[in-house]
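As a plain string of letters, each chain reads:
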Amino acid sequence: MQPVYAVLLLLVSLTPSPPTAAFQFTCAEMLCTITRWTPKEEGTFLLAHIPEKTVILKFVNLKSYLFNYEVLRNATRNGITVQILRSPVHRALMPASINVVFTKLAQTYLRDILFERGNVMLESLSIIESRLKSVPATIVHLTVVRHIEITQAFIEALNLNLLSKLLHLEELNFCNNKIRHLNVAVKSDEDFPNLKVIYLASNQLTTLNLHSFNGMRLLQTLDFRKNRITRAEGPLVSDSLRSIILSGNRIKAMSCCGWNLTSLTSFEINGNLLSWLPTCVEEAFPNIDYLSFKSNALEDINVGQSVITMKYVRNIDLGYNRLTSAVFSGVSLSLLMLNLENNRITKLSVPVAGYGLKIIVSCNAIEQFDLKSLSPNVTHLQMSHNPIDCSFDKALMLSDEEIECVRTETNTTEAIKR
């Protein structure tokens with residue numbers, strides 16, 4: 001039996017392994033996709049067959065440690081987009097004169113990418129889920145870039161000053177990194193002259209010096225949600241900023257005194273540890289439209305009358321806090337939505353309001369409620385999951401229809417004429 005066994009082993013060892021799957025090359029309309037291409041072994045002849053009308057060139061499972069965009073020189077046209085997806089690419093090199101206006105590298109092993117000096121073509125750079133540990137130093141050579149996205153990488157320190165002289169830059173996205181240190185300083189009007197949006201969500205920042213963003217003359221959005229911020233300090237002064245998002249952090253107290261944001265329309269600081277509303281909000285945000293303090297630790301004594309009476313505010317969210325009373329002598333005549341759900345409220349009174357106000361006070365502890373304490377301009381009241389429920393929606397009611405209040409503990413109904 002031993003000789004037969006040896007022969008079988010020899011036959012198995014001599015059996016060739018299945019060949020590696022060949023590359024696939026498909027084109028449809030303006031998109032060409034090349035899958036499992038190994039440039040070193042299979043050459044570049046296939047690039048000569050890319051149709052002239054191609055706008056997007058996509059590489060999937062590109063089998064190359066180093067990718068040099070130079071190989072695309074004769075295959076690319078003005079305005080082409082190049083995507084490299086789910087590929088073991090570690091390094092990339094982009095010559096200055098290559099005709100690529102947008103490139104995306106997603107789910108790669110990318111550790112470094114070099115841009116040759118004087119690149120006047122690339123307008124958008126997107127690197128998603130890579131192994132980058134820092135912003136590539138040669139990114140400063142992208143003289144016309146408008147959008148830079150480097151997300152889901154391993155960047156711990158971010159020096160935005162590196163990008164200050166990119167004159168066309170409009171949007172920065174560094175979400176989902178590991179950024180703990182942020183360095184930014186606007187030294188002249190020539191720094192960040194067109195930057196409008198900064199996304200730094202889902203990082204590891206613990207302190208935030210908001211005054212560092214003063215001087216970015218076109219800045220509209222700052223998004224710092226889901227960091228570990230305990231202190232956000234100002235003063236922040238801007239006549240262009242429209243939205244600030246600080247939700248999902250660890251801020252216990254905040255002062256907006258000295259701030260001047262005349263164009264700000266949206267301020268979100270949900271999911272923090274605030275027991276007091278930020279001070280000086282009414283002076284800092286004179287034209288605010290949307291204020292959201294959802295899921296904090298706010299208590300009644302800290303809910304300033306000035307916030308709900310701000311002239312232009314239309315939407316205020318105070319849900320999921322610790323409020324025990326919602327007795328307001330009046331609210332802004334512009335207010336259209338007041339959310340007070342999931343608190344500990346036992347009293348509700350809003351005798352003065354502008355027409356069309358919707359109040360949400362579900363999941364509280366209201367046992368007694370007089371509809372006369374509510375302005376007739378309130379057109380929608382949602383108060384389910386209280387001991388008494390007087391919910392109504394006037395848009396669905398007949399003109400002479402009565403509002404019914406239901407006591408949930410006894411399941412009795414009271415018809416009340418308004």
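Anyway, here's the lowdown on the structure attached to this text. (Residues numbered from 1 in each chain as written. Predicted model: local features only at pLDDT ≥ 70, side-chain atom pairs only at ≥ 80, totals over all residues. Heavy atoms only, no water.)

### Looking at the overall build of the protein chain
Heads up, the rule is: Helix and strand assignments follow DSSP, with helices taken as H or I runs no shorter than four residues and strands as E runs no shorter than two, numbered in order from the N terminus. Our radius of gyration looks at C-alpha atoms and nothing else; its globule reference is 2.2 Å times the residue count to the power 0.38. When accessible area is computed with a 1.4 Å probe and restricted to protein chains, residues below 20% of their type maximum are described as buried, those above 50% as exposed, and intermediate ones as partly exposed. The criterion used for residue contact is that any of the two residues' heavy atoms lie within 4.5 Å. All accessible areas in this document rest on Shrake-Rupley with a 1.4 Å probe, and a residue is counted as covered only by the protein chains that are shown.
When you go through the protein chain residue by residue, the secondary structure sums to 4 helices and 32 strands. Relative to a compact globule of 418 residues, whose C-alpha radius of gyration would be 22 Å, the protein chain shows 30 Å and is clearly more extended. Its C-alpha atoms give the protein chain principal-axis dimensions of roughly 95 × 75 × 45 Å. The burial tally for the protein chain puts 46% of its 418 residues in the buried class. Restricting the contact set of the protein chain to residue pairs at least 6 apart, pairs at least 24 apart contribute 38%. With the model as given, the accessible surface of the protein chain reaches about 20,400 Å², and the carbon-plus-sulfur share is 53%.

### Looking at the nonpolar core
To keep things clear, this is the line we draw: In this text, buried Ala, Val, Leu, Ile, Met, Phe, Trp, Tyr and Cys residues form a nonpolar core when linked through side-chain atoms within 4.5 Å.
Ranked by size, the top nonpolar core spans 113 residues in total, and within it Y69, F174, F267 and F285 carry the most contacts. If one sorts the elements of this core by residue count, strand β5 (residues 80-87) sits on top with 3 residues. In this structure F267 touches I244, L246, M254, F285, I288, Y290, L291, S292 and F293, once residues within four positions along its chain are discounted.

### Comments concerning the state of the cysteines
Working definition of a disulfide: a covalent bond connecting the sulfur atoms of two cysteines. Using the following cut-off: Throughout, a disulfide means two cysteine sulfur atoms within 2.5 Å of one another.
What the rule picks out here adds up to 3 disulfides. The disulfide partner of C257 is C280, and the gap between their sulfur atoms is 1.9 Å. Taking the sign of the torsion about the S-S bond as the criterion, the disulfide between C257 and C280, at about 65 degrees, is right-handed. Highlighted residues: C257 in the loop between β19 (243-245) and β20 (260-261) and C280 in the loop between β21 (266-268) and α3 (281-284), separated in sequence by 23 residues. Two residues, C390 and C405, share a disulfide whose sulfurs are 2.0 Å apart.

### Notes on a nonpolar patch on the surface
Selection criterion: Candidate patch residues must exceed 30% relative accessible area and have no salt bridge, after which like charges are joined if within 9 Å and Val, Leu, Ile, Met, Phe, Trp or Tyr side chains if within 5 Å. Salt bridge, as applied in this entry: a Lys or Arg side-chain nitrogen positioned within 4 Å of an Asp or Glu carboxyl oxygen.
A cluster of nonpolar residues, Y65, L66 and L93, forms a patch on the protein surface that exposes about 290 Å² of accessible area. With respect to the helices and strands, Y65 occurs in the loop between β3 (56-60) and β4 (66-68). Residue classification places Y65 among the exposed residues on the basis of a relative accessible area of 52%.

### Quick word on the packing of aromatic side chains
Rules: Here a pair means two rings of Phe, Tyr or Trp (six-membered ring of Trp) with centres within 6.5 Å. Their orientation is stacked below 30 degrees between planes, edge-to-face above 60, and tilted elsewhere. Think of it as a cone above the ring: NZ of Lys or CZ of Arg counts as a charge over the ring if it is within 6 Å of the ring centre and within 35 degrees of the ring normal.
Evaluated as defined, the whole model comprises 8 aromatic pairs. Across from the ring centre of Y109, 4.1 Å away, lies the NZ or CZ of R131, which sits over that ring.

### Section: a positive patch on the surface
Quick reminder of the rule: In this tally Asp and Glu are treated as negative and Lys and Arg as positive; neither His nor the chain ends contributes. For the purpose of locating charges, the reference atoms are NZ of Lys, CZ of Arg, CG of Asp and CD of Glu.
Residues K178, R180, R228 and R250 make up a contiguous surface patch of positive charge. Within the secondary structure, R250 is located in the loop between β19 and β20. R250 gets classed as partly exposed once you look at its relative accessible area, which sits at 46%.

### Regarding the pattern of salt bridges
Under the defined criterion, the tally for this structure stands at 6 salt bridges. Among the salt bridges present, the one from R225 reaches D223, with a minimum N-O distance of 3.0 Å. Given a relative accessible area of 32%, R225 falls into the partly exposed group. Salt-bridge contacts for E233 lead to R231; the nearest nitrogen and oxygen are separated by 2.9 Å.

### Topic: the environment of T206
Tracing the backbone shows T206 in the loop between β14 (197-199) and β15 (207-209). Distance from T206 to R250, taken between C-alpha atoms, is 8.5 Å for residues 44 residues apart in sequence. Look past the residues within four positions of T206 in its chain and what remains in contact with it is R228, I229, T230 and R231.

### Structural notes on the sheet that holds strand β6 (residues 91-94)
For clarity, the threshold we go by: Pairing between two strands is assigned when DSSP locates at least 2 bridges connecting them. Simply put, an axis is a line fit to the C-alpha atoms, just over the touching stretch for a helix, and the angle between two N-to-C directions goes from 0 to 180 degrees.
Strand order in the open sheet formed by 3 strands is β4-β6-β8, and the pairing between neighbours is parallel. Both edges of this open sheet fall to β4 and β8 (112-115), since each of them pairs with a single strand only. Shown here is a sheet whose adjacent strand axes are inclined to one another by a mean of 10 degrees, direction ignored. Summarising the sheet, β4 and β6 pair through 3 bridges and their orientation is parallel.

### A word on the pairing of strand β28 (residues 378-382)
Along β28, 4 of the 5 residues are buried, which leaves the element largely enclosed by surrounding structure. Where β28 meets strand β30 (residues 392-393), 2 bridges bridge the pair, whose relative direction is antiparallel. Looking at the pairing, H380 lines up with D393 of β30.

### Considerations on unusual backbone geometry
A cis amide bond links G234 to the next residue, P235, at an omega of 0 degrees. Structurally, P235 is set in the loop between β17 (231-233) and β18 (237-238). Unusually for a residue other than glycine, R36 sits at a positive phi of about 60 degrees. Among the structural elements, R36 can be located in the loop between β2 (31-35) and α2 (39-42). Backbone geometry at Q152 places phi at a positive 55 degrees, although glycine is not the residue there. Mapped onto the fold, Q152 is located in the loop between β10 (147-151) and β11 (157-159).

### Thoughts on the pairing of β2
The buried count for β2 comes to 4 of 5 residues, which makes it a mostly enclosed element. Examined bridge by bridge, strand β1 (residues 24-28) and β2 share 5 bridges and lie antiparallel to one another. Following the sheet pairing, T26 is matched in β2 by T33. Hairpin remark: β1 followed by β2, antiparallel, with 2 residues in the connecting loop; positive phi at E29, about 55 degrees.

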